[in-house]
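Working through the structure, step by step
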Amino acid sequence: MAKHFCHYLDLCDVSYLTWSRSVDKGLSPLEKLRDCKVVLLLISDGAISPFLERYSELKNFKLIHFSGTIFLEDVPSYHPLMSFVDELYSLEEYQKIPFIYEKGESSFGEIFPELPNESFALPSADKPLYHALCVLSGNFTVMLWQKVFREFEEKFKIDAKILLPYMHRVCQNLSGDWENALSGPLARGDEQSIAKNLSSLQKDAFQDVYRAFVRTLDKGGKSECD
């Protein structure tokens, strides 16, 4: 996230300073950042509180973190609703990222007037659920697609690229009408096909994943499948 946000600031020609334990050895954050108006804690969730305990002088700054789950009194968070990998993005992509902040705090635009991103407020108590939904939709779908890509190449000896049109259509269906995007045997209530699918996944950890999705759909009252 630090790499991406720095790149975004570079693209917007916004000046900034960085401090890193590995780069700025022998130099405290206060010495490096003393002239900064806002200090962004772009470090892992579990490291934020210990970092602030170690460098307590930073509490005199306007501090911000980017975690989607943790709540820290006097240190508001602005969580980017986006997936980040090693590849850097374009200016247009960064500008479209919405940020979620805690209700009662300043909006993203008030903190970063140079950046045009939309921001939306949530009660701090809702942050864990918000982040869980992000993980379900973004991270878990990646794991499913990685499973399919791997099986096509290793089991069937078929280039995984042939799946791309299918993947793109799934995303387009979701973008166009997410409430009616589900297709296939679960959408049809095709119990025979579902049973065959589950049988083919014997001794595969993803059999439980498939079954869990069927049961989840059942509980939603949209399918009679088991």
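The structure reproduced in this document is the subject of the present report. (Residues numbered from 1 in each chain as written. Predicted model: local features only at pLDDT ≥ 70, side-chain atom pairs only at ≥ 80, totals over all residues. Heavy atoms only, no water.)

Re the overall build of the chain
- Along the chain, the regular secondary structure elements total 10 helices and 5 strands.
- Here the chain has a C-alpha radius of gyration of 22 Å; the compact-globule value for 226 residues is 17 Å, and the former is much larger.
- By principal-axis analysis of the C-alpha atoms, the chain measures approximately 65 × 40 × 35 Å.
- For the chain, with 226 residues in total, the buried portion stands at 30%.
- In the chain, of all internal contacts separated by at least 6 residues, the share reaching a separation of at least 24 is 47%.
- Total accessible area computed for the chain in this model is approximately 15100 Å², and 53% of it derives from carbon and sulfur atoms. (Helix = DSSP H or I, 4+ residues; strand = E, 2+ residues; numbered from the N terminus. Rg over C-alpha atoms; globule rule 2.2 N^0.38 Å. Buried < 20%, exposed > 50% of the residue type's maximum accessible area, 1.4 Å probe, protein only. Contact = heavy atoms within 4.5 Å. Areas by Shrake-Rupley, 256 points an atom, 1.4 Å probe, with all protein chains shown as cover.)

Comments concerning the sheet that holds strand β5 (residues 119–122)
- Reading across the sheet, the 3 strands line up as β3-β4-β5 and stay open at both edges, with mixed pairing between neighbours. Unpaired on one side and paired on the other, β3 (78–80) and β5 mark the two borders of the sheet. Across the sheet, the axes of successive neighbouring strands diverge by a mean angle of 30°, strand direction being ignored.
- Bridge count for β3 against strand β4 (residues 99–102) is 3 bridges, and the pairing is antiparallel. Looking at the pairing, Y78 lines up with Y101 of β4. (Pairing = 2+ DSSP bridges. Axes fitted to C-alpha atoms, helices over the stretch in contact; angles between N-to-C directions.)

Regarding a nonpolar patch on the surface
- On the surface, L129, L133, L136, F140 and M143 cluster together into a nonpolar patch covering about 490 Å² of accessible area.
- Along the polypeptide, L136 turns up in helix α6 (residues 127–154). (Patch = residues over 30% accessible without salt bridge, like charges linked within 9 Å, V, L, I, M, F, W, Y side chains within 5 Å. Salt bridge = Lys/Arg side-chain N within 4 Å of Asp/Glu carboxyl O.)

A word on empty space enclosed by the protein
- Counted by the stated rule, this structure contains 2 cavities of 30 Å³ or more.
- By volume, the largest cavity amounts to about 50 Å³.
- M1, H4, F5, Y8, P80, F84, Y94, I97, F99 and N117 together form the lining of the largest cavity.
- The element that contributes the greatest number of residues to the lining of the largest cavity is helix α1 (residues 2–11), accounting for 3 residues.
- Considering only residue class, the lining of the largest cavity consists of 8 nonpolar, 2 polar and no charged.
- Here the second largest cavity is characterised by a volume of approximately 30 Å³.
- Forming the walls of the second largest cavity are S67, G68, S77, H79, I100, Y101, E102, K127 and Y130.
- Of all the secondary structure elements, the ones that give two or more residues to the lining of the second largest cavity are β4 and α6.
- For the lining of the second largest cavity, the leading source of residues is β4, giving 3 residues.
- Residue composition of the lining of the second largest cavity, grouped by class: 3 nonpolar, 4 polar and 2 charged. (1 Å grid on protein atoms, 1.4 Å probe; cavity = no way out; pocket = protein on both sides within 12 Å on 5 of 7 lines; lining within 4 Å. Points joined across faces, edges and corners; volume = space filled by probe spheres on them. Nonpolar A, V, L, I, M, F, W, Y, C, P; charged D, E, K, R; others polar.)

A word on unusual backbone geometry
- A positive phi angle, near 75°, is found at D74, a position not held by glycine.
- Looking at the secondary structure, you find D74 in the loop between β2 (62–65) and β3.
- Since its relative accessible area comes to 68%, D74 is described here as exposed.
- In this model, K203 sits at a positive phi of 65°, which is unusual for a non-glycine residue.
- Its place among the elements puts K203 in the loop between α9 (191–200) and α10 (206–219).

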